[in-house]
Amino acid sequence: MVTTHVFIAVSLDGFIARQEGDIDWLLKRDDPTEDHGYAAFIADKDWIIMGRGSYEKVLTFNEWPYDLPVLVLSRQLADTTVPEALKDKVQFSCLTPGEALADLMEKNVHRVYIDGGQLIQSFLREGLVADIVITTVPVLLGSGKPLFGVLPHDIDLTLLSSRSFPSGLVQSHYRLTP
């Protein structure tokens, strides 16, 4: 069985990026002396599934940050060629979340990191998220790309842990309650 896991930062008012995708508000608060647990989180994952927006944002970084294989779910990119530098690292697909997980299960994948607001929303709507680690950044953006969107029903969560950092960030780990 494949389980999916979210690790993401949001503004206090629930946005993961400005409307145009900028995450400057997050990057300027990143304190390299604080361990927010990403390395421990990613250590037991087999794959990363991300949406097009996250993929395009990562392409603006100085270097590709992932050692794990990445599946980008996007109707727009599905028929395009993966850049040469990422040939062995990235795949494009237009599969649904459920189809993507079924495909990964055939490859003996067990734990997947899900990244990207719209993609996370899709996985949540289909009941395909096991747990969520949300790091709240003490800033109000007023508008932007929300982490959560319209849901067909309530999704109950169980708080597993919560901690604060000297920088003011607060991190909460939730398991989705079946």
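Just above sits the structure.
Keep in mind that this is a model prediction, so the values were computed, not measured.

Student: I would appreciate a short explanation of the sheet that holds strand β10 (residues 170–176) in the present structure.
Tutor: Note: strands within a sheet are paired through backbone hydrogen bonds, in either parallel or antiparallel orientation. An order of β5-β4-β3-β6-β1-β7-β10-β9 is seen for the 8 strands of this open sheet, with the pairing classed as mixed. Edge positions in the open sheet fall to β5 (90–93) and β9 (157–164), since each of these has one partner strand only. Averaged over all pairs of adjacent strands, the angle between strand axes in this sheet comes to 20°, irrespective of strand direction. Of the strands in this sheet, β1 (3–11), β3 (47–51), β4 (70–73) and β6 (111–115) are in contact with helix α4 (residues 97–106), which crosses β3 at around 160°.

Student: Which parts of the structure should I look at to understand unusual backbone geometry?
Tutor: For residues besides glycine, phi is generally negative; the peptide bonds are generally trans as well. The phi angle at asparagine 108 is positive, at roughly 65°, despite the residue not being glycine. Mapped onto the fold, asparagine 108 is located in the loop between α4 and β6.

Student: Help me understand the nonpolar core in this model?
Tutor: With 24 residues, the main nonpolar core has Ile49, Val112, Ile114 and Phe123 as its most contacted residues. Sorting the residues of this core by element identifies β1, β3, β4, α4, β6, α5 (117–125) and β7 (131–137) as the ones contributing at least two each. Element by element, the count of residues in this core is highest for α5, at 4 residues. Discounting residues that sit within four places of it in the chain, valine 112 has contacts with Val2, Thr3, Thr4, His5, Lys45, Trp47, Ile48, Ile49 and Leu104. Counting residues in hydrophobic clusters, the runner-up holds 19 residues, among them Ile42, Tyr55, Leu68 and Phe92.

What counts, and where the lines are drawn
- Residues numbered from 1 in each chain as written.
- Predicted model: local features only at pLDDT ≥ 70, side-chain atom pairs only at ≥ 80, totals over all residues.
- Heavy atoms only, no water.
- Pairing = 2+ DSSP bridges.
- Helix = DSSP H or I, 4+ residues; strand = E, 2+ residues; numbered from the N terminus.
- Axes fitted to C-alpha atoms, helices over the stretch in contact; angles between N-to-C directions.
- Contact = heavy atoms within 4.5 Å.
- Core = buried A, V, L, I, M, F, W, Y, C linked by side-chain atoms within 4.5 Å.
- Buried < 20%, exposed > 50% of the residue type's maximum accessible area, 1.4 Å probe, protein only.

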